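Coordinate analysis (summary)
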Amino acid sequence: MACAVILSLSVGRVLAHDTWLEPQAFARRSGDVAEFDLTSGHGFPEAEHAIAPERLARAECRVAGKPQRMHPASVRPKSLRLAVRLQQEGTAVCRVELKPRSIELTDEQVAAYFDEIDAPDAIRRDWAAAPRPRAWRETYAKYAKSMVGSGAWQKDGTWSKPVGMAFEIVPESNPLSIRAGEQMAVRVLHDGSPLSGLSVALAGVGTPNVWRRTDAQGRAKFEVPSAGRWIVRGRWWRLHAPWLRPATRSRRSSAARRHRSRRQVGFRPGVAAIAS
């Protein structure tokens, strides 16, 4: 039985919320409008929050290698509906990049966060060694990919080509035609180069996460246990500090972080600010 796999990667990530781009249908006729739900939640496929249109940094599909822009069609209770007319036959490789945000977590939230995301030992050690009182400050971004077959798409191999995101999960097994019991292979890239040692997970409906770490070439493999919709997701950090300094008070927003009257410990990705 056939499966379909969605790809999601976050750079820095708040409290295990995933963001994913889910097609209404994984195969359409050439010339049809394909619709996608962009949403986030604690666990795929349970949508919880719609993504605000103003958070979109980029939304497009590459159909048989040709880019086409995705447009917001409607804001639904738990998702942002995006649409694109598939003008060519082939595999539509669709991607969304969200603008970066900053958040702060309490010490108690950080402990739960680490367990949820299979945090690397090095990050856990750095946090454990940070002086108290302390807070976790993080700048995060989200990248999501999904694929739809347009017309006679089966002979189009562009699903295996990177689309050029700063952080990207690239499938090495066709996400639209993989079958239950087969291996789903992916490669994780940062600025086009392999990202090794990253924890990535395969998750489906009512199933626990299956975690793997990418090898030196950025590759990981999973056995897809049953038919249905699946997601391969991952989170990546880079320690930009130790970022310790006396705190000052300011208003919290996406541009300004809340500071409390204590010393701060900050971890943020090494990118400007920004899951596949």
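Residues numbered from 1 in each chain as written. Predicted model: local features only at pLDDT ≥ 70, side-chain atom pairs only at ≥ 80, totals over all residues. Heavy atoms only, no water.

Before going further, it helps to spend a moment on the pattern of salt bridges. Tallied over the full model, the rule gives 12 salt bridges. Two residues, Arg219 and Glu172, come together in a salt bridge whose shortest N-O distance is 2.8 Å. With Arg219 in strand β18 (residues 219–223) and Glu172 in the loop between β13 (167–171) and β14 (183–190), the pair connects residues that are 47 residues apart, well separated along the chain. Overall, Arg219 belongs to the partly exposed group, its relative accessible area being 31%. By sharing partners, the salt bridges in this structure join Arg58, Glu60, Arg95 and Glu97 into a single network. (Salt bridge = Lys/Arg side-chain N within 4 Å of Asp/Glu carboxyl O. Helix = DSSP H or I, 4+ residues; strand = E, 2+ residues; numbered from the N terminus. Buried < 20%, exposed > 50% of the residue type's maximum accessible area, 1.4 Å probe, protein only.)

Per the counting criterion, the structure on display carries 1 disulfide. Across the disulfide, Cys61 is cross-linked to Cys94 (sulfur-sulfur distance 2.0 Å). Taking the sign of the S-S torsion, 105° for the link of Cys61 and Cys94, the bridge is right-handed. With Cys61 in strand β6 (residues 56–63) and Cys94 in strand β10 (residues 90–98), this residue pair connects regions lying 33 residues apart in the sequence. Residue Cys61 is classed as buried on the basis of its relative accessible area, which comes to 0%. Under the relative-accessibility criterion, Cys94 is labelled buried at 0%. (Disulfide = S-S within 2.5 Å.)

Quick look at the environment of Tyr140 now. Residue position: Tyr140 is located in strand β12 (residues 136–150). With 40 residues separating them along the chain, Tyr140 and Pro100 place their C-alpha atoms 5.6 Å apart.

So, about unusual backbone geometry. In this structure, the amide linkage connecting Phe44 to the following residue, Pro45, adopts the cis form with an omega of 5°. For Pro45, the location among the structural elements is in the loop between β4 (33–41) and β5 (49–50). A positive phi angle, close to 50°, is found at Ala64, a residue other than glycine. Among the structural elements, Ala64 can be located in the loop between β6 and β7 (66–69). Classification of Ala64 as partly exposed rests on a relative accessible area of 32%. Even without being a glycine, Asp191 presents a positive backbone phi close to 50°. Within the secondary structure, Asp191 sits in the loop between β14 and β15 (193–194). On the accessibility criterion, Asp191 (59% relative accessible area) is exposed.

Bringing the confidence of the model for the protein chain into the picture now. When pLDDT is averaged across the protein chain, the result is 80; 81% of the residues are at 70 or more. For the protein chain, the element scoring lowest by mean pLDDT is strand β21 (residues 263–266), at 30; strand β9 (residues 80–85) scores highest, at 97. Note that pLDDT drops below 50 for residues 241–276; the model gives that stretch 112 contacts with residues more than four away or on any other chain. (pLDDT = per-residue confidence, 0-100. Contact = heavy atoms within 4.5 Å.)

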